[in-house]
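Read off the chains here:
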Amino acid sequence: MALSLEQKKVVVDEVAGVARTSHSAVAAEYRGLSVSEMTELREKAKQSGVYLRVVRNTLARRAVEGTEFECVQDRLRGPLVLAFSRDEPGAAARVMRDYAKSNDKLIISFVAFDGKAMDAPAIDQLASLPTREEALAELMSVLLAPATEFVRTIAEPHAGLVRALDAMCEVRTKTA
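About the thresholds
- Residues numbered from 1 in each chain as written.
- Predicted model: local features only at pLDDT ≥ 70, side-chain atom pairs only at ≥ 80, totals over all residues.
- Heavy atoms only, no water.
- Pairing = 2+ DSSP bridges.
- Helix = DSSP H or I, 4+ residues; strand = E, 2+ residues; numbered from the N terminus.
- Axes fitted to C-alpha atoms, helices over the stretch in contact; angles between N-to-C directions.
- Contact = heavy atoms within 4.5 Å.
- Core = buried A, V, L, I, M, F, W, Y, C linked by side-chain atoms within 4.5 Å.
- Buried < 20%, exposed > 50% of the residue type's maximum accessible area, 1.4 Å probe, protein only.
- Expected span 1.5 Å × (residues − 1).
- Bend = angle between axes of the 7 residues up to and from the residue.
- Polar contact = N/O pair within 3.5 Å; in protein donor to acceptor, adjacent residues only side chain to side chain.
- Phe/Tyr/Trp six-rings, centres within 6.5 Å; stacked < 30°, edge-to-face > 60°.
- Salt bridge = Lys/Arg side-chain N within 4 Å of Asp/Glu carboxyl O.

1. Some remarks on the sheet that holds strand E5 (residues 116–119)
No. 1: In spatial order, the strands read E2-E3-E1-E4-E5; together these five strands make up an open sheet with antiparallel pairing. Among the strands making up the open sheet, the edge pair consists of strand E2 (50–54) and E5. In this sheet, neighbouring strand axes are inclined to one another by 20° on average, regardless of whether the strands run parallel or antiparallel.
No. 2: Inspection of the sheet shows strand E1 (residues 24–29) paired to strand E4 (residues 107–113) by six bridges, in the antiparallel sense. By the bridge assignment for E4, alanine 27 is matched with phenylalanine 110.
No. 3: Along the sheet, helix H2 (residues 35–47) makes contact with E2 and strand E3 (80–85), crossing E2 at roughly 150°.
No. 4: Sheet strands in contact with helix H4 (residues 91–102) are E1, E2, E3 and E4, and its direction is about 140° off that of E3.

Following this line, the structure appears as structure tokens:
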């Protein structure tokens, strides 16, 4: 069923709004996926905070104009499903990579991040980016490390003295 001009404008506005606020995008060919497989992919994307949409390439080209995903305009060919990461940069890459591993009909076409379009193998790099929680945990451990080392350094002379006294007591009890 063909879309009317008004429906096309709505689709372009919706995708453009998502593209303006997203961190990364992944495009994949979905040719051969059944409706149930596509529904499963959509559910996984929704759970991860990923916007997933099948959009005609001409509409997608218009939607990404003026966004950091403008670099993908010349790569939009064939039946593609677009996935945009809204919350964290690696979310869409993780969802699409994991689903492509379990279903060989989904073929990753390209990845876009930080204003650059990259070929499909770059999905592993993007998917390996830490989640927000993981990044915060790493930051906290880096921030706490100096304080922890300081406390250890201050406590070490006392601990060393206690160990030395304990060793002396053991030697005296053995000789007596």
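Resuming the write-up.
2. Things to note about the nonpolar core
No. 1: Residues Val26, Leu41, Met96 and Leu106 are the most contacted members of the largest nonpolar core, which totals 23 residues.
No. 2: Secondary structure elements with two or more residues in this core: E1, H2, E2, E3, H4, E4 and helix H5 (123–127).
No. 3: Ranked by residues supplied to this core, first place goes to H4 with seven residues.
No. 4: Once residues lying within four places of it in the same chain are set aside, the contact partners of leucine 106 are Ala28, Glu29, Tyr30, Leu33, Leu41, Val81, Met96, Tyr99 and Ala100.
No. 5: Core analysis: the second largest hydrophobic core is formed by 22 residues, Val15, Ala16, Tyr51 and Ala112 among them.

3. Considerations on helix H6 (residues 132–175)
No. 1: Its 44 residues place the ends of H6 60 Å apart at the C-alpha level, agreeing with the 64 Å of an ideal helix rising 1.5 Å per residue.
No. 2: Its axis deflected by about 35° at glutamate 156, H6 carries its strongest bend there, up to four residues before the proline proline 157.

4. Overview of the side chain of serine 22
No. 1: Relative to the helices and strands, serine 22 resides in the loop between helix H1 (5–21) and E1.
No. 2: For serine 22, a relative accessible area of 4% translates into the label buried.
No. 3: Polar contacts involving the side chain of serine 22 include one to the main-chain carbonyl oxygen of valine 18, which spans 2.6 Å.
No. 4: Among residues more than four places away in sequence, those in contact with serine 22 are Glu68, Phe69, Phe84, Ser85 and Arg86.

5. Side note on the packing of aromatic side chains
No. 1: According to the stated counting rule, one finds two aromatic pairs in the structure shown.
No. 2: Here tyrosine 51 and phenylalanine 84 contribute two aromatic rings whose centre-to-centre distance is 6.3 Å and whose plane-to-plane angle is 45°, an arrangement assigned as tilted. Here tyrosine 51, found in strand E2, pairs with phenylalanine 84, found in strand E3; they are 33 residues apart in sequence, far enough to count as distant.
No. 3: A relative accessible area of 2% places phenylalanine 84 in the buried class.

6. Concerning the pairing of E5
No. 1: For E4 and E5, the ladder comprises four bridges, and the chain directions are antiparallel. Paired with phenylalanine 110 across the bridge in E5 is aspartate 119.
No. 2: Hairpin connection of E4 to E5: two residues between the antiparallel strands, including aspartate 114 at a positive phi of 55°.

7. Considering the pattern of salt bridges
No. 1: Enumeration over the complete set of coordinates arrives at eight salt bridges.
No. 2: In this structure, the salt-bridge partner of glutamate 29 is arginine 31, at a minimum N-O distance of 3.8 Å.
No. 3: Here arginine 94 makes a salt bridge to glutamate 88, at a shortest N to O gap of 2.3 Å.
No. 4: Accessibility expressed as a relative area gives 15% for glutamate 88, which makes it buried.
No. 5: In this structure, a network of salt bridges that share partners links the residues Arg97, Asp98 and Asp124.

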